[in-house]
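Overview (structure and organization)
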Amino acid sequence: MNALLFANSGNQELVDDLFAHLQTMRGFEGLRLGNMKLMFHPDGEPFVEIYDNVRRRLCIVIGCIAANGSRSVNDHAMETFVLLDALMRADANVDVLALPYLPYARQDRRKGAKTDRTAITSVLFANFLKHAAPIGRICAVEPHDAHIEGFFTSPSFDRVPVIHRFSEPMKALCPDMDSVVIVSPDRGGWERASALASVIGTPQPIAWVDKRRPAPGEVKVHQFIGETKGKDAIIVDDMIDTAGSLVKTAELIAEEHPRRIFACAVHGLFNGNAIERILTSPIERVMVTNSVRQKQAVLACEKIQVLRIGD
């Protein structure tokens, strides 16, 4: 396959891993990295110039869209739109857009602190992609909520599950699977918790937390439902942002006198004082993937383990 791989600048480590893995797959032997110039002007405006002749050529684009310590989620989103537009204007055949982290997904309905006069940014983002360039298929790693795929009517949308990647590392920490309880931090995460429980093979019932959000960024925990006394509890979620919800869940579990508490989340954003919260929490280990490029402070944190998913 004489295809080209293009990517924005959000997560070079993951792009390198994905490129190396794709080259080992049947049909991708001729894949190579596209030749382009990608930069930001002094005011933060992105610029992309494609050097390869991409006319009618099959292209794969990786859009790593998350804050990474140097650029914001908005910077990398616009960078991706500019890259797609440049390819479209050069008449490229963009077959796949891979999104390791699907941004703007938490605003998937109209719900504010006092009114419903809010934006639905997940729909807005889907519409921006629809008009940026003709794309054959969008693949996103573990979106915030499964129903978001319905916002992507053209092009088609594939959800890429990676929750199984936590199975072996968690088994290494918890060899006694008969005494492991998977905990969902809210009712919405039940499917994800059930998937991990099935993969690691624990016979224990899933526990969950009755949690409400009175306003964006605020969490009010009402009660813990389940049995973790004398057992290893593993909290599983789609993302960790400021770690407020995660730590409150862990503190509630700690009141039940578990043996140990662990946590895993697909996307580790670690904003605000997330690291400090985790360090002072009863959680022994937090596992995340490298779907988002991690800051040095995260990599240096003794409680946080980052799993590579690009292979």
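Residues numbered from 1 in each chain as written. Predicted model: local features only at pLDDT ≥ 70, side-chain atom pairs only at ≥ 80, totals over all residues. Heavy atoms only, no water.

**Points about the overall build of the protein**
Looking only at helices and strands, the protein has eight helices and 15 strands in total. Taken against the 2.2 N^0.38 rule, which gives 19 Å for 311 residues, the C-alpha radius of gyration of the protein at 20 Å falls within 12% of a compact globule. With the C-alpha coordinates aligned to their principal axes, the bounding extent of the protein is approximately 60 × 50 × 35 Å. For the protein, the residues scored as buried account for 50% of the 311 residues in total. Long-range contacts, defined as pairs at least 24 residues apart, comprise 67% of the intrachain contacts of the protein with a sequence gap of at least 6. Only carbon and sulfur atoms are counted for the fraction: they give 49% of the accessible area of the protein, which is about 14,700 Å². Side chains of the protein give 36 positive and 38 negative charges; the mean places of these two sets differ by 3 Å. (Helix = DSSP H or I, 4+ residues; strand = E, 2+ residues; numbered from the N terminus. Rg over C-alpha atoms; globule rule 2.2 N^0.38 Å. Buried < 20%, exposed > 50% of the residue type's maximum accessible area, 1.4 Å probe, protein only. Contact = heavy atoms within 4.5 Å. Areas by Shrake-Rupley, 256 points an atom, 1.4 Å probe, with all protein chains shown as cover. Lys, Arg positive; Asp, Glu negative; His and termini not counted. Charge placed at Lys NZ, Arg CZ, Asp CG, Glu CD.)

**Observations regarding a negative patch on the surface**
On the surface, E227, E251, E255 and E256 cluster together to form a negatively charged patch. Here E256 lies in the loop between α6 (244-254) and β13 (260-268). (Patch = residues over 30% accessible without salt bridge, like charges linked within 9 Å, V, L, I, M, F, W, Y side chains within 5 Å. Salt bridge = Lys/Arg side-chain N within 4 Å of Asp/Glu carboxyl O.)

**Some words on the pairing of strand β9 (residues 180-184)**
With respect to burial, β9 is a largely interior element, five of its five residues being buried. Where burial is concerned, the two faces of β9 agree: the one with V180, I182 and S184 and the one with V181 and V183 are both buried.

**With respect to the layout of surface pockets**
Of the voids in this model, the second largest pocket is the one considered here, and its volume is about 580 Å³. Lining the second largest pocket we find 22 residues, and of these L18, H21, L22, A98 and V160 sit closest to its centre. Sorting the residues of the lining of the second largest pocket by element identifies α1 (12-23), β5 (58-62), β6 (93-99) and β7 (135-141) as the ones contributing at least two each. Per-element accounting of the lining of the second largest pocket gives the leading share, four residues, to α1. Residue composition of the lining of the second largest pocket, grouped by class: 17 nonpolar, three polar and two charged. (1 Å grid on protein atoms, 1.4 Å probe; cavity = no way out; pocket = protein on both sides within 12 Å on 5 of 7 lines; lining within 4 Å. Points joined across faces, edges and corners; volume = space filled by probe spheres on them. Nonpolar A, V, L, I, M, F, W, Y, C, P; charged D, E, K, R; others polar.)

**With respect to the nonpolar core**
Counting residues in hydrophobic clusters, the biggest one holds 31 residues, and the most contacted among them are F6, L84, L87, L99, L102, L129 and F152. Among the secondary structure elements, those contributing two or more residues to this core are β1 (4-7), β4 (46-50), β5, α2 (73-89), β6, α3 (121-132) and β7. Top element by residues in this core is α2. It accounts for six residues. Beyond its immediate stretch of four places on either side in the chain, L102 contacts F125, A140, P143, I148, F152 and F157. (Core = buried A, V, L, I, M, F, W, Y, C linked by side-chain atoms within 4.5 Å.)

Geometric descriptors of this kind do not, in isolation, establish any biological role.
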